[in-house]
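Okay, here's what each chain looks like letter by letter:
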Protein chains: 2
Amino acid sequence: MNLTIDREILLENLNVISRGLPSKSPMPILTGIKLYATDTDLFLTSSNSDISVETDIADSSLTITEPGQTVVPGRFFIDIVRKINSQRINLFLSDDKLLIIKADRGEYKLHIMDPLDYPKMDFVDLENPLELEAEVLKEVIKETVFATASNEKKPILTGVNLKNSQGLVTATATDSFRLSQKTITIPEYKDFNITIPAKSLDEMAKAIDNYSGKVNLYFSNNKLLIQYKNVCFQTRLLDGNYPDTSRLIPSEFPITINFNKDELIDAVERVSLLSPRDKEKDKEITFSIIKLSIKKDRVIEISTTNASVGDAKEELIPTNIEASNPLAIGFSSRYLLEALRSFVSTEVSLNLSGEIRPFILRGDKDANLTQLILPVRMD
Amino acid sequence: MNLTIDREILLENLNVISRGLPSKSPMPILTGIKLYATDTDLFLTSSNSDISVETDIADSSLTITEPGQTVVPGRFFIDIVRKINSQRINLFLSDDKLLIIKADRGEYKLHIMDPLDYPKMDFVDLENPLELEAEVLKEVIKETVFATASNEKKPILTGVNLKNSQGLVTATATDSFRLSQKTITIPEYKDFNITIPAKSLDEMAKAIDNYSGKVNLYFSNNKLLIQYKNVCFQTRLLDGNYPDTSRLIPSEFPITINFNKDELIDAVERVSLLSPRDKEKDKEITFSIIKLSIKKDRVIEISTTNASVGDAKEELIPTNIEASNPLAIGFSSRYLLEALRSFVSTEVSLNLSGEIRPFILRGDKDANLTQLILPVRMD
C-alpha cells in the first residue's frame, strides 16, 4: 500500500470513522482502523460492539500508487493526522510491518495488525432506502435521546423506539419517569418498529453534525444502516418489544399554562440551585425536586425547600393560563430543563391534569413534539 | 442587616472572594462568606487554610439601611447571585436566622451561621508596601508557578521562592527536575526571602486577572498580603529554607540552537503523541520522553520510540546553530512544552553543555527569564 492524500480530506473522514472506534475492546484488533486501498478508492473502517462505520474516499486529492490493506492503531493514527500541519500526507507500508506516515519533515511509524484478523463487516444490503433530510434526523435525535434510560434495568429503554405505521413515524424515548415523543410523516415505506441504542444515536448525530442533505436509511431485522455522502454508519438494534406508551399520555388537560420558555428556564435553574440533591445509584446524575404552584392572581410560583441550606422561590407571570382549580405539583427540575431545552419555540405550554398525573409540554413552533414528565408526590 | 446593591458589583466582588473559599473544610464556618455591613461599607471575607480574602465595597450603588453582620453558605450564595438576572439585589436578615435575597420576583432564604464563630482574620499590617504593576506580578506567576513540585516530598518546593537582594528580585520554582527563574528590578526595599504556595499564586493570578494597575505587597514573617483596588488577598508562606539553586545553572554553553518557538512546539507535540507514558505516582501527570539530536547539515531531529506502538521523528531547521560536536539529549516533552509556553518570544534558544548536563532555554523577547531542564539518560 502506498498513497498520498490531502490531510484535510483524510482528517474529515477519520473524524467520522472515530465514531465507531472503541477506546478499549476485548478484541484488540477493533482498536485499530482498517485501511483498504484499491486502485482508485481508500476505504476506512471502524467497529465496536454497537457501531460499524465505513467511508469510501475517492477524492481528487487521493493518489494510490500501490493498492493494499492494513489495520493501524486507531487513536494514535487519528491523533497524528490531527496534529500534522502539512497539506499532503503520504502513507505506505514498509516491509517490516509498519505503516509509515510522512508529512513535511515528519515521519511516523506505526506497528500494524493483520487485516485478515479484522472481522468482516456485515453491512445491511443497500436496497430500498428510506430517504430523510439530515436535519430531520438530527432534530428527532436531539428531541428524544436525552429521555432514554441511563441504567440497564430495562435494556429496551436505553434506546429510542422508531415505529412506522402507514407513513407516520413515531420516535419515543422514556426512562419510566418522563417520556419524549416526536412524530414525522414520511413517503410510502414498509412499516417498521425498531429500537436504536441511545449511544449509537449520539454518535450518529455527531457523525452527521456538519452534513446537510439527504440521508438514506436501510433496515434489517437487527441492524440499521444510514448512508450519506461517502459514509456508511451502521448500528445494532436493541432486542425486545418496546412498551406501549400510548396510554401514558393523558388526553385531557383541564389546566394549561403558557410560558416564555427562556424565562421559565432561568427561574427553574435558579430555584434548583437550592433544591435537595438525589443521586441516581452509580451515576453522577442529580435529580432535584422543585414545586410549581398556581397562586392567586394567576401568578405561578416555582419553589424548593432544602432543610440544610434554605428555601427558594420565583414568581412568574404566564403568557396565558387556563385553570379552574389551584394546583401544586412536584417534579425533577432536571427533567423539566431537559424537556424545555428540546424545544425551539419561544413559548411553551404546560398541560396538566392533576397533582399526581403526568403533565406534558408542547411548543407552538414544535409541531408533533410532546414532552411528558411524571410528578413526584410532595409532602 | 439590610442593604441593596447592584448585582454586577456584588458578583464582581464575590468572584474575587471565591478565590479564598474552600469547597470543603474541617471548620464548617469557613465554607461560609462573612458579610459585614457598616453604615457605609459592605465587607466580604473568605478564608481557607492558605488564603484569606477581604473586599471592602463602598460602591455608589450600595445602600445600607441597617448595618449588621452574618455568615452565609458561600457556594450557594455565589451561585444564586451569578444566576440572578435582575439589576438590583436586596439582602436582609430575618428574625429567624435567615438571609433573604430578593431580586425581581425571586426570593431566596439561606440558613446563616453565627458571625462570632467566624475566625478573626489576622491580616498583615498595611505599612511600607512594595509597589508592583499587576502585569509584572501576573507575568512572574505565569513564568514560574508551573515548575513547582506537585508532590509533597519536599514541601518547600511546592512554592515559588521570591528573594530580594538589594533591589534585584529573583523568582525561582523547581521540582528537582526542571527550574524556572525570573529576575526583576524593584525600587529600594528591604531584603526578603519568602516562598509562596503555588496554589495561592494560582488563585492570586485569577483574582487579579481582570485588573491592571498598581498592586501593593506587604510582608510579614509568615504571610504575604497583596492589596489592590478594594481587595486584600493574603496567603500564608511556606516554612523552611529554599534550596540554593544558583549552582544548578551551568555557566557555559558550547552548544546554542535557536528555534522558531511555535515550530518547535508543534514538532514536540506531534512526536510526543507516540512517546511512552510514565505516570507520576498518585498524579494524573504523564511524562513522555523524547530525544533531540543534532544531525548532519545542522538539522535538528526530535524523535521518540514506543515499543508497543511505533516511532516518530520530526526534522527542524534551526534559525541559528552554534555546535562544535554532535549531541543527542533525552528529556520530558512535557517539561519542554511547559517551558516553551512560558515565553512570549517568537524565537527561543536552547543552550546545552552536554548530554547529561542541564540545558536552559531563553527567549530574545523574555529578558531575565531562564527555563532549565534536566535531561534523562538515553539507552
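Relevant structure appears above.
On a predicted model such as this, the values are computed, not experimentally measured, just so you know. (Residues numbered from 1 in each chain as written. Chains lettered and ligands numbered in written order. Predicted model: local features only at pLDDT ≥ 70, side-chain atom pairs only at ≥ 80, totals over all residues. Heavy atoms only, no water.)

Further remarks concern unusual backbone geometry. The backbone phi angle of Ser-176 of chain A is positive, close to 85 degrees, even though this residue is not glycine. According to the relative accessible area criterion, Ser-176 of chain A is partly exposed, its value standing at 34%. The backbone phi angle of Gln-166 of chain B is positive, close to 55 degrees, even though this residue is not glycine. (Buried < 20%, exposed > 50% of the residue type's maximum accessible area, 1.4 Å probe, protein only.)

Right, let's talk about the packing of helix α5 (residues 261-272) of chain B against helix α6 (residues 333-341) of chain B for a bit. The description of two helices packed together rests on the angle between their axes and the distance between the axes. Residues and elements named next belong to chain B. At a minimum axis distance of 10 Å, the contact between α5 and α6 shows a crossing angle of 155 degrees. In this view, α5 runs roughly antiparallel relative to α6, as classed from their interaxial angle. Crossing geometry of α5 relative to α6 is assigned as left-handed. Residue-level contacts link Lys-261, Leu-264, Ile-265, Val-268, Glu-269 and Ser-272 of α5 to Ser-333, Leu-336, Leu-337, Leu-340 and Arg-341 of α6. Residues of the contact of α5 with α6, tallied by class, amount to six nonpolar, two polar and three charged. (Axes fitted to C-alpha atoms, helices over the stretch in contact; angles between N-to-C directions. Helix = DSSP H or I, 4+ residues; strand = E, 2+ residues; numbered from the N terminus. Parallel < 35°, antiparallel > 145°, perpendicular 65-115°, else oblique. Left-handed = near helix turned anticlockwise from the far one by under 90°. Contact = heavy atoms within 4.5 Å. Nonpolar A, V, L, I, M, F, W, Y, C, P; charged D, E, K, R; others polar.)

A few words now on the interface of chain B and chain A. Each partner contributes residues to the interface: chain B has 32 residues there, and chain A has 32 residues. Contact between chain B and chain A buries roughly 2900 Å² in total, counting both sides, with carbon and sulfur atoms accounting for 53%. Linking chain B with chain A are six salt bridges, by the criterion used here. One salt bridge connects Lys-83 of chain B with Glu-269 of chain A, and the closest N-O pair in it is separated by 2.9 Å. Viewed at the interface, chain A and chain B are joined by 20 residue pairs in polar contact (both at pLDDT 80 or more). Put simply, the parts of the chain that give the side of chain B that touches chain A at least two residues each are α2 (74-83), β9 (106-111), α5 and β22 (310-316) of chain B. Of the residues assigned to the side of chain B that touches chain A, the class counts are 14 nonpolar, six polar and 12 charged. Two strands pair when backbone bridges link them, and strand β9 (residues 106-111) of chain A and β22 of chain B are joined in this way by five bridges, in the antiparallel orientation. Counted as the bridge partner of Leu-110 of chain A is Gly-310 of chain B from β22 of chain B. (Buried area = accessible area lost by both parts, 1.4 Å probe. Salt bridge = Lys/Arg side-chain N within 4 Å of Asp/Glu carboxyl O. Polar contact = N/O pair within 3.5 Å; in protein donor to acceptor, adjacent residues only side chain to side chain. Pairing = 2+ DSSP bridges.)

Quick look at helix α1 (residues 7-17) of chain A now. Among the 11 residues that make up α1 of chain A, eight are buried, leaving the element largely enclosed by the rest of the structure. Where α1 of chain A is concerned, the buried positions are Arg-7, Ile-9, Leu-10, Leu-11, Asn-13, Leu-14, Val-16 and Ile-17 of chain A.

For the pair chain B and chain A, the superposition axis carries a translation of 0.0 Å, the fit reaches an RMSD of 0.0 Å, and the rotation angle comes to 180 degrees. On the angle and the small slide along the axis, the relation comes out as a two-fold axis. (Least-squares fit on C-alpha atoms with pLDDT ≥ 70 in both.)

Time to look at the sheet that holds strand β23 (residues 320-322) of chain B. Two modes of strand pairing occur in sheets, parallel and antiparallel, and in both the strands are linked by backbone hydrogen bonds. All names here are of chain B. Taken in spatial order, the nine strands of this open sheet run β14-β11-β12-β13-β27-β26-β25-β18-β23, and their pairing is antiparallel. Each edge of the open sheet carries a strand with a single partner, namely β14 (192-197) and β23. The mean angle between the axes of side-by-side strands here comes to 20 degrees, regardless of whether they run parallel or antiparallel. Bridge analysis of strand β18 (residues 255-260) against strand β25 (residues 347-352) gives six bridges, and the strand direction is antiparallel. Paired with Ile-255 across the two strands is Leu-352, which belongs to β25. This element, helix α4 (residues 198-207), spans β11 (159-165) and β14 of the sheet and lies at about 80 degrees to β14. Of the strands in this sheet, β18 and β25 touch α5, which is tilted by about 90 degrees from β18.

These results come straight from atomic positions and should not be treated as a statement about function.
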